Amino acid sequence: MPENIELFKGQSMVVDVDVIPSTSNDYTINFTSSDNNIVEITNSSGNKVRVRGVNYGDAIITCTVTNNSGEKIEDSCIARVTDGEIYAISIDENSLDLVYYEGQTFELGDVDVYVCYQSGVNILLEESEYEIDIPNPLTIGAVLTIYYENFTDEIELNVVEDQLLRIEIVNLPDKLNYMVGETFDPTGLEVESVWASGKREEIKDFTIEDS
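Now for a quick tour of the structure. (Residues numbered from 1 in each chain as written. Predicted model: local features only at pLDDT ≥ 70, side-chain atom pairs only at ≥ 80, totals over all residues. Heavy atoms only, no water.)

1. Description of the sheet that holds strand E7 (residues 72-82)
With respect to topology, four strands assemble into an open sheet ordered E1-E7-E6-E3, the strand pairing being mixed. Looking at strand neighbours, the two that pair on one side only are strand E1 (4-8) and strand E3 (27-33), the edges of this open sheet. In this sheet, adjacent strand axes meet at a mean angle of 25 degrees when their direction is disregarded. Across seven bridges, E3 lies against strand E6 (residues 57-67) in antiparallel orientation. Paired with Ile-29 across the two strands is Val-65, which belongs to E6. (Pairing = 2+ DSSP bridges. Helix = DSSP H or I, 4+ residues; strand = E, 2+ residues; numbered from the N terminus. Axes fitted to C-alpha atoms, helices over the stretch in contact; angles between N-to-C directions.)

Okay, here's the thing in structure tokens:
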């Protein structure tokens, strides 16, 4: 038998047993697992046995050959059940905003990236574990690309033209008290535009209705 085999949780595998010499006959083969909660025997035929990884850990698969006289010989191998190998990474679309605005800065904390194992287990990566490629500030058609080891995933963000939401007075004029008939003095008055992207810009060319 092989010295050891590795399964990912939920995987089935056929293990071949070599009986030497090949001309041997008049014997029976029986397979057992030391822990069916880790690795179970699902089927056997001749010198082949199908095993399935049930849960994480190690189990010993033993092959017992018995001849017509009741004499026995045995061999065994260690079967280890893990999550298997990484086959992909995946950007969680639900962690992204539905809409981004042109000119907005994309923050790394805005995205969740998972590493996908053969067992079906997906593990969230730390921000420091992967590399990110994104045009900042965002442009229309911007593509978010994530790199982890030899794996890549990408997604096109929904970036739309930025929209002006409102203007705000951020600093009142120096003079607030007037006598009837005086002319308004805008000295010290500061106004900013507020955009959907969160951008704020000082407005220099505003006009005043001062009737």
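2. Comments concerning the pairing of strand E18 (residues 200-203)
With four bridges joining them, strand E17 (residues 190-195) and E18 adopt antiparallel strand pairing. Opposite Ser-193, over in E18, you have Glu-201 as the bridge partner. Linking E17 back to E18 in an antiparallel pair, the connection comprises four residues, with Gly-198 at a positive phi of about 95 degrees.

3. Some remarks on the environment of Met-179
Here Met-179 is to be found in the loop between strand E16 (164-171) and E17. Overall, the relative accessible area of 62% leaves Met-179 in the exposed class. Along the backbone, Met-179 and Thr-32 are 147 residues apart, and their C-alpha atoms lie at a distance of 102 Å. (Buried < 20%, exposed > 50% of the residue type's maximum accessible area, 1.4 Å probe, protein only.)

4. Quick notes on the nonpolar core
Ranked by internal contacts, the top residues of the largest apolar core, which has 20 residues, are Leu-96, Phe-106, Val-111, Leu-138, Leu-144 and Leu-157. Looking at this core, the elements that each hand over two or more residues are strand E8 (86-91), strand E10 (113-117) and strand E13 (143-148). Once residues lying within four places of it in the same chain are set aside, the contact partners of Leu-144 are Ile-91, Leu-96, Phe-106, Val-111, Ile-132, Asp-133, Ile-134, Asp-153, Glu-154, Ile-155 and Leu-157. (Core = buried A, V, L, I, M, F, W, Y, C linked by side-chain atoms within 4.5 Å. Contact = heavy atoms within 4.5 Å.)

5. Description of the sheet that holds strand E2 (residues 12-16)
Across the sheet, which stays open at both edges, the three strands sit in the order E2-E5-E4 with antiparallel pairing between neighbours. On the outer flanks of this sheet lie E2 and strand E4 (39-45), each paired with one strand and no other. Here the average twist between neighbouring strands, direction ignored, is 25 degrees. Sheet topology note: the E2/strand E5 (residues 48-53) ladder contains five bridges and is antiparallel. Across the sheet, residue Asp-16 finds its bridge partner in E5, namely Lys-48.

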